[in-house]
Amino acid sequence: MKISHLSNYSYDEIEELLKREGLDQRFQLSYEHDKKIGSTCQVYYAYDLLHKDQRLVALKFIRTDFIDSFVSYDDLLNLQRTKNCLYKPQTVIYNRRLKNFDNYIPIEQYIGEVGRICPHLPIPRCIENGTKHLKTSNAYLIAFEYIHGRTVWENLVRTDFKFLNEYQARTFVRLFIEQLLILLKHHIIHCDLNGCQNYYYKLYDEIDSSKQNYEQWSSSEDGEDGYSSMSGNSRQSSMDDLVSLSSSSQLTFIDFGWSICTADSDNDRHEILLQTLQSLFERTPRIVQLFAGRNYWDFRRAIESRTQGLKELLDHPWLTQGDTINKNYL
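Definitions and cut-offs
- Residues numbered from 1 in each chain as written.
- Predicted model: local features only at pLDDT ≥ 70, side-chain atom pairs only at ≥ 80, totals over all residues.
- Heavy atoms only, no water.
- Salt bridge = Lys/Arg side-chain N within 4 Å of Asp/Glu carboxyl O.
- Buried < 20%, exposed > 50% of the residue type's maximum accessible area, 1.4 Å probe, protein only.
- Helix = DSSP H or I, 4+ residues; strand = E, 2+ residues; numbered from the N terminus.
- Contact = heavy atoms within 4.5 Å.

## Here we look at the pattern of salt bridges
Throughout the structure, instances matching the rule amount to 14 salt bridges. One salt bridge in this structure joins R63 and D65, with 2.6 Å as the shortest N-O distance. In this structure D65 comes out as partly exposed when scored by relative accessible area, which is 25%. Ionic pairing is found between R306 and E271, a salt bridge with its closest N-O pair at 3.0 Å. Of this pair, R306 sits in the loop between α8 (294-305) and α9 (310-314) while E271 is found in helix α7 (residues 271-282), placing the two residues 35 residues apart along the sequence. Using a relative accessible area of 39% as the deciding quantity, one classes E271 as partly exposed. Here the residues in one salt-bridge network are R26, D48, R55, R125 and E145, joined through shared partners.

## Observations concerning the side chain of Q109
Along the polypeptide, Q109 turns up in helix α3 (residues 107-117). Excluding residues that lie within four positions of it along the chain, Q109 makes contacts with L76, C126, T131, Y140 and I142.

Any functional reading would require information that these geometric values do not contain.
And the structure:
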């Protein structure tokens, strides 16, 4: 069986693949969670039988010829050995034609391992020993821990995709920039917000939980603040949930198709960083409403012209004026 970006394989076929690869003793497919079929990968939910709570994981099958970027296996070993969240990989290549998987791993696996070792980062994390090159299927399997309610997409689903008022928009954008700066500090850049192919969110009507509050997670080893996590039923959630996030809150980023591990942590004007921020205003359905104020348009132009870096943008009048404005504005 070949994993194809055009085919929709049945659960039986995926179970057969897991059994052939000796992974059926580790993962048991979940039939109550819908599979996700993306343009370059397929994702199936499964239970991790080796975990004491049989946690839910996302099994991402990527065709090898659709993997954009690779990190050396030595870098992975160094990261695991040092457990240094600020470790900068020495060998990162961008080449879809790589055939030698003995010395390299997909960048998705490396970033997921960073997330596993450094759980304070706003990125999904791999599960331990949950990756494998499926040579017989021309594919690579990466198992990510399922994190309910903490992705950018899930947090936006909670707004019913209504246009945010200006107070909410400022709060969201400021939080987004702060998280980009954290990623940059750890030599990671992220610019893919395609929610339609995000395998970390359930379908809208499936998001349901009895919890209606925020959960506090532990602080990280390197001193960064802990963060609050959204949870609860999206239909019952108030729009105020979004703006009530503190500055230390975390929006988990999604999809690593364009992550770059060699980012210069001193350069917060990187083109991809600003493209990522600009995409918030341009994607559909719209995350940020179009406002008429001069400060708002100055902020948009500053992003588009690349005249300011992220740290400068955090001090922009449009983002700072919200401290005194009524949250029901607009």
